[in-house]
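Analysis of the macromolecular model
Chain residues, written in single-letter form:
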Amino acid sequence: MKTSTIILTPLMLAFMLGSANRGTALNPLETISPNTDTLSPGESLSYTIQYYGIPGGTADIKIDSGPSHLNDTLVFRADVKTNFAISAFWRIEDTFMTLVEKNGFRTLMTRLWEDENGKKQYREEKYRHNKIKIQETIKNKTKTFSVKTSGNAVDGLSALWLLRSKPLELGDVESFNLFANRKVFNVQAEVLSLEGIKINNQNLETIKVHPVLHTANGKKVRNTDVTIWYTNDQKRRPVQIKVKNAYGNLKFLLNN
């Protein structure tokens, strides 16, 4: 699932939450702390995915309350698909869902339905404290295995909510474990600067965050570079995400 793996995993490398509001004039050296709304159900948004500056698809994100029998949980859903022009060469229609626990913010389970050029696959991941149990089904053939992890880990989509709930003050480095591509990575997300950007003809003041992935032995992951711009307000909406990797340059721009 080459292209969508890069999108859906290392920091969702790509999909985001919230609608953009015009930024408030602020002290250029001051960040505003998030409020509880950053982890509340009801958000729904749409992103345009650009590949080398050319619109190639969309990512629609929605957040809902978790099942009634699981208190303090949220369900995130991302639907990703290529546009008409790109689908003529490579069609992607993927749905990713994740169940997270708000207390301590950790992933409990993920489900992924892939349909790429007619090749369909289903994957389910169950997160435990010391391991992640995976079940993959392709062409009615199912295999199961597990990956060891030390402490809690989050999936790529949940990582965006985790970061936006943090203070994100200039110079901060947020550390957490991320499960992606059958591996557990340590992420060091550095708050680089406050930056004014223009999205959909709106001037926004944003917090520029640079998450860096490291392997289990501490080595930096090469050929993967991610930058996220969150609005510098209490809602901390990620309005732009840029990803550079072996497959090229991707950009996610909030539409609404």
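See the structure shown above.
Residues numbered from 1 in each chain as written. Predicted model: local features only at pLDDT ≥ 70, side-chain atom pairs only at ≥ 80, totals over all residues. Heavy atoms only, no water.

By the criterion of burial, strand β13 (residues 238-245) is predominantly enclosed, with six of the eight residues buried. If you look at the hairpin formed by strand β12 (residues 224-231) and β13, you'll find six residues sitting between the two strands, and R236 has a positive phi there, around 50°. As defined by bridge partners, β13 adjoins strand β14 (residues 248-254) across six bridges and the pair is classed as antiparallel. Along β14, the bridge assignment pairs Q240 with L253. Here β13 folds back onto β14, and the loop between the two strands holds two residues. (Buried < 20%, exposed > 50% of the residue type's maximum accessible area, 1.4 Å probe, protein only. Helix = DSSP H or I, 4+ residues; strand = E, 2+ residues; numbered from the N terminus. Pairing = 2+ DSSP bridges.)

Let's shift gears to the pattern of salt bridges. Here the structure, examined in full by the defined rule, presents 11 salt bridges. For D79, the salt bridge goes to R77, with nearest N and O atoms at 2.9 Å. Since its relative accessible area comes to 25%, D79 is described here as partly exposed. Between R111 and E124 there is a salt bridge, with the nearest N and O atoms lying 3.1 Å from each other. A residue pair is termed long-range when its members are at least 10 positions apart, and R111 in strand β5 (residues 106-116) and E124 in strand β6 (residues 119-127) qualify at 13 residues. The exposure class of R111 is partly exposed, given its relative accessible area of 35%. (Salt bridge = Lys/Arg side-chain N within 4 Å of Asp/Glu carboxyl O.)

Once that is clear, we can look at the packing of aromatic side chains. Following the criterion strictly, the structure yields four aromatic pairs and no others. Taking 6.1 Å as the distance between ring centres and 90° as the angle between the ring planes, the aromatic pair formed by Y127 and F179 counts as edge-to-face. Of this pair, Y127 sits in strand β6 while F179 sits in strand β9 (residues 173-180); the two residues are 52 residues apart in sequence, bridging distant segments of the chain. Across the pair, exposure class does not vary: Y127 and F179 are buried alike. (Phe/Tyr/Trp six-rings, centres within 6.5 Å; stacked < 30°, edge-to-face > 60°.)

None of this, on its own, says anything about what the molecule does.
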